[in-house]
Structure formats: C-alpha cells, structure tokens
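Below are the chains, spelled out letter by letter.
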Amino acid sequence: MVTGATGFIGSHLVDALLRRGDRVRCLVRRGSRLGYLRDLDVELREGSLLEPAAVAAAIDGADLVYHAAGLTSALRTAELIQVNGEGTNVVAEACAGQSIPPRLVLISSLAAAGPSTADTPRVESDPPAPISAYGRSKRAGELAAERWAAKVPMTIVRPGIVFGPRNLELVPMFRPIKRFGVHCVLGSHPPRLSLIHVSNLVDLVLRAGERGQRLPGGDSRGAAGQGYYFGTDNEHPDYGKLGDRIAVSFGRNQAWKIRLPFFFGRMAAGIGELFQQLRGKSYSFNRDKIIEATATCWLCSGLAARRDLDFQPVKTLDERLRETAAWYLDHRWLESPLSPPSWPPA
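Residues numbered from 1 in each chain as written. Predicted model: local features only at pLDDT ≥ 70, side-chain atom pairs only at ≥ 80, totals over all residues. Heavy atoms only, no water.

Caption draft 1: Broad picture of the side chain of His-183. Looking at the secondary structure, you find His-183 in strand β8 (residues 182–186). On the basis of relative accessible area, His-183 is assigned to the buried category, the value being 2%. Among residues more than four places away in sequence, those in contact with His-183 are Met-173, Ile-177, Tyr-239, Gly-240, Gly-243, Ala-255, Trp-256, Lys-257 and Ile-258. (Helix = DSSP H or I, 4+ residues; strand = E, 2+ residues; numbered from the N terminus. Buried < 20%, exposed > 50% of the residue type's maximum accessible area, 1.4 Å probe, protein only. Contact = heavy atoms within 4.5 Å.)

Caption draft 2: Broad picture of the nonpolar core. Residues Val-2, Leu-13, Tyr-66, Phe-174, Val-205, Ile-246 and Tyr-328 are the most contacted members of the largest nonpolar core, which totals 61 residues. For Ile-246, the residues in contact, after removing those within four places along its chain, are Met-173, Phe-174, Ile-177 and Leu-321. Membership of the second largest hydrophobic core comes to 26 residues, among which are Met-1, Ala-145, Ala-149 and Val-152. (Core = buried A, V, L, I, M, F, W, Y, C linked by side-chain atoms within 4.5 Å.)

Caption draft 3: Layout of the environment of Leu-321. As for its placement among the helices and strands, Leu-321 is situated in helix α13 (residues 317–330). Looking at Leu-321, the relative accessible area reads 2%, which means it is buried. Once the C-alpha coordinates of Leu-321 and Leu-242 are considered, the two residues, 79 residues apart in sequence, prove to be 9.6 Å apart. In this view, Leu-321 contacts Phe-163, Phe-174, Leu-242, Arg-245, Ile-246 and Ser-249; residues no more than four positions away in its chain are not counted.

Caption draft 4: Representation of a nonpolar patch on the surface. Together, Phe-263, Phe-264, Met-267, Ile-271, Leu-274, Phe-275 and Leu-278 make up an exposed nonpolar region whose accessible area comes to about 760 Å². Counting through the fold element by element, Phe-263 comes out in helix α10 (residues 262–279). (Patch = residues over 30% accessible without salt bridge, like charges linked within 9 Å, V, L, I, M, F, W, Y side chains within 5 Å. Areas by Shrake-Rupley, 256 points an atom, 1.4 Å probe, with all protein chains shown as cover. Salt bridge = Lys/Arg side-chain N within 4 Å of Asp/Glu carboxyl O.)

Caption draft 5: Molecular detail of the packing of helix α9 (residues 239–249) against α13. One way to put it is that α9 packs onto α13 with a least axis distance of 9 Å and a crossing angle of 60°. It follows that α9 is oblique to α13 by the angle criterion. As for how α9 packs across α13, the hand of that crossing is right-handed. Residues Leu-242, Arg-245, Ile-246 and Ser-249 of α9 form the contact with α13, whose participating residues are Leu-317, Asp-318, Leu-321, Arg-322 and Ala-325. Grouping the amino acids of the contact of α9 with α13 by side-chain chemistry returns five nonpolar, one polar and three charged. (Axes fitted to C-alpha atoms, helices over the stretch in contact; angles between N-to-C directions. Parallel < 35°, antiparallel > 145°, perpendicular 65-115°, else oblique. Left-handed = near helix turned anticlockwise from the far one by under 90°. Nonpolar A, V, L, I, M, F, W, Y, C, P; charged D, E, K, R; others polar.)

Caption draft 6: Geometry of helix α6 (residues 133–146). Between its first and last C-alpha atoms α6 spans 20 Å; for 14 residues at 1.5 Å apiece the expected length is 20 Å, and the two agree. Burial within α6 is extensive, with ten of its 14 residues counted as buried. All of the buried residues along α6 are Ala-133, Tyr-134, Gly-135, Ser-137, Lys-138, Arg-139, Gly-141, Glu-142, Ala-144 and Ala-145. Check the buried side of α6 and you find it contacts α4 (77–96), β5 (103–107), α5 (110–113), β6 (154–159), β10 (228–231) and α11 (287–293). (Expected span 1.5 Å × (residues − 1).)

Caption draft 7: Spotlight on the environment of Pro-337. As for its placement among the helices and strands, Pro-337 is situated in the segment after α13. Residue class for Pro-337 comes out partly exposed when judged on its relative accessible area of 49%. Residues Pro-337 and Pro-172 lie 165 residues apart in sequence; the distance between their C-alpha atoms is 8.4 Å.

Caption draft 8: Seen up close, the sheet that holds strand β3 (residues 43–46). Taken in spatial order, the seven strands line up as β3-β2-β1-β4-β5-β6-β10 in an open sheet, and their pairing is parallel. Taken across any chain shown, the strands that pair with only one partner, and hence form the sheet edges, are β3 and β10. Relative to β5, strand β4 (residues 64–67) is paired through four bridges, and the arrangement is parallel. Bridge pairing in β5 places His-67 opposite Leu-106. Set on the sheet, α4 makes contact with β4 and β5; between it and β4 the angle comes to about 180°. Of the strands in this sheet, β5, β6 and β10 are in contact with α6, which crosses β6 at around 165°. (Pairing = 2+ DSSP bridges.)

Caption draft 9: Broad picture of the state of the cysteines. A full pass over the atoms with the stated rule returns zero disulfides. Free cysteine: Cys-297, not disulfide-bonded; nearest cysteine sulfur from Cys-300 at 12 Å. (Disulfide = S-S within 2.5 Å.)

Caption draft 10: Layout of the side chain of His-67. Here His-67 lies in strand β4. Owing to a relative accessible area of 1%, His-67 belongs among the buried residues under this scheme. Among all residues touching His-67, those that are not within four sequence positions of it are Thr-3, Leu-49, Gly-87, Thr-88, Val-91, Leu-104, Val-105, Leu-106 and Ile-107.

Caption draft 11: Main features of the pattern of salt bridges. Evaluation of the coordinates by the stated rule reveals 22 salt bridges. A salt bridge links Arg-30 to Glu-51, with the nearest nitrogen and oxygen atoms 2.8 Å apart. Note that Arg-30 is positioned in the loop between β2 (25–28) and α2 (35–38) and Glu-51 in the loop between β3 and α3 (52–59), a separation of 21 residues in sequence. Using a relative accessible area of 52% as the deciding quantity, one classes Arg-30 as exposed. A salt bridge links Glu-142 to Arg-139; its shortest N-O distance comes to 2.8 Å. Here the residue Glu-142 and the residue Arg-139 both occupy positions in helix α6, the gap between them amounting to three residues, near one helical turn.

Any link to function would need more than the numbers given here.
Put into structure tokens, the structure is as follows:
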C-alpha cells in the first residue's frame, strides 16, 4: 500500500513496485487528479490521511506500507503539522491495528534532522535539530511513527533534495537557467547540498523495506539512529555550482549567477506569501524555504545505507541532471511561467 501515489516520489515508487511484480494499492484523496494512476494496474482506495477508517481499510491485508504522502508547503504551519505529523500517526496506528502489522517505511526528509556544519555531514545518530516549519512537521511525523515502533516493524528514510522527472518544485530553478542562463543565489556563501535522484531514492526505499534496520520499540534500547537512513547521491555541490552543472546539462558552459542578499529573498518570499494567501494556494517559495536557504550546509552521510543496504547510485550527478533536463524539455515544463506545468496529468 502506497500513500502519496499521485505525487512526485510516490508515482515513481508505484512504477518500481509494479515493475518488480508487486500488487499495489494506493490511498488517494477524493478529487485527486488520477489520469496517471488510471492507466496502471493498481487498486485505488479513496480517503485522506486524517480519516483513520479509510486509512485502516486501505492498509488491510498489506505486507508493506510505504508512506510517501505529505505536504512540502502550506498556508498555515498548523496544516503542515496536521498532515505530516498527525497524518503519519494515523498511518502507523492503522498498521498497528492489523492482526499481522505490515512493515512500514516512512519517507521523511533531511529537513527533519536539520542542517549540518560546513564540512561534517549529518549521520543518523546525530540529535535532530530542524530549523524550518516544514522540518519540524516532518520530525513530528517521525516521532509519531516512533510511538508505534513496539508494534509495527518500521524504517525511516530521510532523503536530501530529491530531483528528477515529474518534480514541480525545481522547475523554477531549471527554467531561468535554460531560457536565460541565469541562476539566482542568495548570499555570498551558498550552502553545500546533499541531493538524490528520485530513481535512486526509490531504490533505497525498496531496499529499506526489504532489509533495513527497524526502529527500536518499547523498552528496547537500540543504538541512536537505529532504523533511520539518510538518502544521498555521492556528490555534494553548493547551490551556486549546482546551477553551473544544470547549465551544462542544457549545453551551456556555466550559469550567470545573480547574487542577492538574504533580506531580498525574505522580502520577495513575504510578497509571494501574500499572493498565496489571496489565492488560497501555497507554493514552495515562502519564508520557510528562505530560512532553510540561510543554513550553513545541508549535508548528510550515505554510509549507513551503503553498509546495511548495499545502496550505491549507479549514475553520476551530471548524468542524472542531464536526464532531468531532457525530461523537462520533452514534456515542455520549462515554457513560460504563465503556463505552469502540473502533475499528475488530468
């Protein structure tokens, strides 16, 4: 059973599960755009994360539950906490209520752990210290899951920045680089980043579901970070150099960087939030994301995933960026911002 199957990561996860021959059930919100899923051999169950009966019915009889649903932005922080925190609790409780609880894999975020220092990647045993509302909401989801670890075998995966086909949130970075060769950078020292291509993340999630360490439950005292895995590819460019590498994927030598002070980013994000409130719809450009952009670094270690799960990305970052750029172009996602793309299709 997969939650979030209509989203960026969840849709790729469903594809991979079907390729390996699994029977797949998806929990989808009422009114969701289902054009993509209707063409697949999956069972659809309607319901939201905040409807315990619907979630329990969707989980009934499942061997594995992949919880990929969640919000990356919202008009109100309380909504983030409700969906990412309370929604995860509903999923974990529903798993615990089964006669044979299924294995649960929660896809969280590096934001739940918080930023790193400039040269020391975060490891799973580090105490979490999220700095954004989004990060705190994802950490709330992790804590909610942990409360059921005594009854439900579960593993939590924390990916870095996820990119690849179907990702709407990185279109605003790719589009100006393709159209004008321009890459906007906040501050004079952009943070280094841990990134992971969506196909690599899906591979990691499947491995975690098969043989990942479980969270310690009840009175057991496992090692700090047991049952958690960071998800990252092997290269960690800073935000400025990432723009150059995206430019190369479009056949340019490098990106022309426009360096903006942080106060400009905060002001632009504040104006953006005002329009979002007026329209009643949230987007990923907001003051919360500016807070994350001011962090020193977003680095995490992939050592535990390599050690326990034999996880190793099979292509370089540049190869994956070229594939992503080609997909955006093929699907015309980098056209005028007046006609933004959408996923899933109608």
